[in-house]
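Residue-level structure breakdown
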Amino acid sequence: MTLPYRVYDVIVVGAGPAGAYSAYLCAKQGLDTLLLEKERTPRRKCCAGGVLERALKLLDFPIPPEIVEREVSGAAVIAEGHRHELRFGERMAITVRRERFDRFLVEQARKAGASYLEEEKVVQVKESVPQVDVVAGSRYQGRCLIVADGVGSKLAEGLMGPYTKSRYAAGMSFNCGLERDPDDLMEFYFYKGERSKGISPPLYGYGWMFPCRMGANLGAGGAGFNRSMIQERISEIERSAVERYGKVTWREELAGHPLPLFVRSRLHSSLSMAVGDAGGLANPITGEGLTYAFTSAALAASSAALLVKERDDDATAQYERRCRAKLVRDLDAARLTQKAVRGLLGTLDLTRFFDAFCESEELKTACKGIAQGGADWKGLLRKALPRVPALYFSSL
Ligand SMILES: Cc1cc2nc3c(=O)[nH]c(=O)nc-3n(C[C@H](O)[C@H](O)[C@H](O)COP(=O)(O)OP(=O)(O)OC[C@H]3O[C@@H](n4cnc5c(N)ncnc54)[C@H](O)[C@@H]3O)c2cc1C
């Protein structure tokens, strides 16, 4: 006789920030939750490790000091060899090592009551309403599925249809030690736009150095950038870091990962919801994904409760509507900003442009608002648009 499978209220696939936080919130609401991860933790995740204050505010718990690498109170923009600094005198973000941060989030999900299995790669999911069958090393059944398997999600594709605009940006980074503690600023390196071919708009991307304890995360990325272009930029950033903060004392191998540039055209099916990168929910101008991962996790967990406890068969569609209202409009504003910046890059004197930008109190306040969560990209776009002609002509 074959025994019936245990039916979970919610199965979450993928224990990155979006999946782990979804599992935490589902378990906290009393839902019988299973979190499945294909890797063994702690697993490496290629990421700059910047967690903006607005992402931290979405979490239900504080991040313990041992997970925080550095508190960051501003940004430095480096363009054509000139450094422009924006110091805000208060915390804008923290930096973390992703393997530790992600493991901490999984621990919170387990403490809240979620079951967690790692090295359990999901290879197939099938919805047969009212349940979802999940095939990994073993088989599982759930009343609801949260798809959090990251960028280019195959599971979302099978359940919700293709990722129509399959355009990604490429990013590469590594953590390293430095002889001296870097400044508490996130450093962004901008390049004069290079055209990919003919009269196409210049490529858009940037490099970074985010401070850690006696070290940093160095990386670069962008849409249309290939591996050797990215590596070249990272070597330049490394030279500049060594000049400022002393020799590299240890280093990880350089790793790469794609970043979604578009939101999926469908974020749900009858019993499933795609969260975080699996839904294409990342910022196309900055590459920031954690705010969107946590916001979509919270929306999915509340729809999961509606579906399981109230048997509301509109719950997953409601998730999609709320996600679009809360996140997608803002991502669209960021995409528009990215297009505008990209169009201007080839023609501007970047030094003058960033000088003018950093002198504008209004734009500085808008940037601070985005980092801290009091403002959004729509607001920045509204404030920046009337200033574009002046900024543009003073930067030619
Ligand atoms: C170079 C780079 C730098 C970045 N820097 C930042 C930054 O500084 N700040 C920021 O906010 N964002 C940053 N991002 C974006 C951020 O890393 C992502 O948005 C974030 O990791 C999304 O979280 P997630 O949980 O959706 O996906 P992921 O973190 O990718 O997690 C997905 C999880 O699913 C697991 N999985 C996949 N398939 C399966 C399967 N079949 N079965 C079981 N498990 C599976 C994976 O192993 C993984 O653990 C950066 C991205 C890149 C590429």
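The structure displayed is predicted, hence computed values, not measured ones.

1. Re the domain arrangement of the protein chain
Looking at the assigned domains, one finds that the protein chain contains domain 1 (7-49 + 97-166 + 261-333) and domain 2 (169-259). Listed per partner, the contact involves 14 residues of domain 1 and 21 residues of domain 2. Counting each side, the surface lost to burial between domain 1 and domain 2 is near 1,400 Å², with a carbon and sulfur contribution of 56%. When the buried area of domain 1 at its contact with domain 2 is split by residue, Arg44, Cys46 and Ala48 rank highest and sum to 38% of it.

2. Remarks on the site of the ligand
The full set close to the ligand counts 36 residues, and Ala18, Glu37, Gly50, Val122 and Asp277 are the nearest of them. At 3.1 Å, a backbone N or O of Lys38 approaches a nitrogen atom of the ligand. Taking Ala148, its main chain carries an N or O atom lying 3.5 Å from an oxygen atom of the ligand. Within the complex, 93% of the 1,000 Å² of free accessible area of the ligand lies under protein.

3. With respect to empty space enclosed by the protein
Evaluation of the coordinates by the stated rule reveals 2 cavities of 30 Å³ or more. The calculated volume of the largest cavity comes to roughly 70 Å³. Around the largest cavity sit 15 residues that line it, and Lys45, Cys47, Asn175, Asn217 and Glu252 are the ones nearest its centre. For the lining of the largest cavity, the secondary structure elements donating two or more residues are helix H3 (98-111) and strand E12 (168-178). In terms of residue count, the dominant contributor to the lining of the largest cavity is E12 (3 residues). When its residues are assigned to classes, the lining of the largest cavity shows 5 nonpolar, 4 polar and 6 charged. When residues of the lining of the largest cavity are assigned to domains, at least three map to each of domain 1 (7-49 + 97-166 + 261-333) and domain 2 (169-259).

4. Things to note about helix H6 (residues 290-309)
Because the α-helix completes a turn every 3.6 residues, residues three or four places apart line up on one side. Taking 1.5 Å per residue as the helical rise, H6 with its 20 residues ought to reach 28 Å, and the 28 Å between its terminal C-alpha atoms agrees with that figure. Phi turns positive, to about 55 degrees, at Arg311, one or two residues after H6.

5. Here we look at the packing of helix H1 (residues 17-28) against H3
Where H1 contacts H3, the two axes come as close as 8 Å, and the packing angle between them is 20 degrees. When the interaxial angle is binned, H1 and H3 end up roughly parallel. The way H1 lies across H3 gives a crossing that is left-handed. Of the residues in H3, those in contact with Pro17, Ala20, Ala23, Tyr24 and Ala27 of H1 are Arg98, Asp102, Leu105, Val106, Gln108 and Ala109. Classifying every residue of the contact of H1 with H3 by side-chain character gives 8 nonpolar, 1 polar and 2 charged.

6. Notes on the nonpolar core
In terms of nonpolar packing, the biggest core is built from 108 residues, with Ile11, Ile63, Phe101, Val134, Leu145, Leu281 and Tyr319 touching the most fellow members. With 12 residues, H6 is the single largest residue contributor to this core. Each of domain 1 (7-49 + 97-166 + 261-333) and domain 2 (169-259) contributes no fewer than three residues to this core. Ignoring sequence-local partners within four residues, the contact set of Val134 consists of Ile11, Leu36, Val122, Gln124, Val125, Arg139, Tyr140 and Leu145. Ala76, Cys176, Ile230 and Ala241 belong to the second-largest nonpolar core, a separate cluster that totals 20 residues.

Rules and cut-offs
- Residues numbered from 1 in each chain as written.
- Predicted model: local features only at pLDDT ≥ 70, side-chain atom pairs only at ≥ 80, totals over all residues.
- Heavy atoms only, no water.
- Domains from an automatic or database assignment.
- Contact = heavy atoms within 4.5 Å.
- Buried area = accessible area lost by both parts, 1.4 Å probe.
- Near = heavy atom within 4 Å.
- Polar contact = N/O pair within 3.5 Å; in protein donor to acceptor, adjacent residues only side chain to side chain.
- Areas by Shrake-Rupley, 256 points an atom, 1.4 Å probe, with all protein chains shown as cover.
- 1 Å grid on protein atoms, 1.4 Å probe; cavity = no way out; pocket = protein on both sides within 12 Å on 5 of 7 lines; lining within 4 Å.
- Points joined across faces, edges and corners; volume = space filled by probe spheres on them.
- Helix = DSSP H or I, 4+ residues; strand = E, 2+ residues; numbered from the N terminus.
- Nonpolar A, V, L, I, M, F, W, Y, C, P; charged D, E, K, R; others polar.
- Expected span 1.5 Å × (residues − 1).
- Axes fitted to C-alpha atoms, helices over the stretch in contact; angles between N-to-C directions.
- Parallel < 35°, antiparallel > 145°, perpendicular 65-115°, else oblique.
- Left-handed = near helix turned anticlockwise from the far one by under 90°.
- Core = buried A, V, L, I, M, F, W, Y, C linked by side-chain atoms within 4.5 Å.
- Buried < 20%, exposed > 50% of the residue type's maximum accessible area, 1.4 Å probe, protein only.

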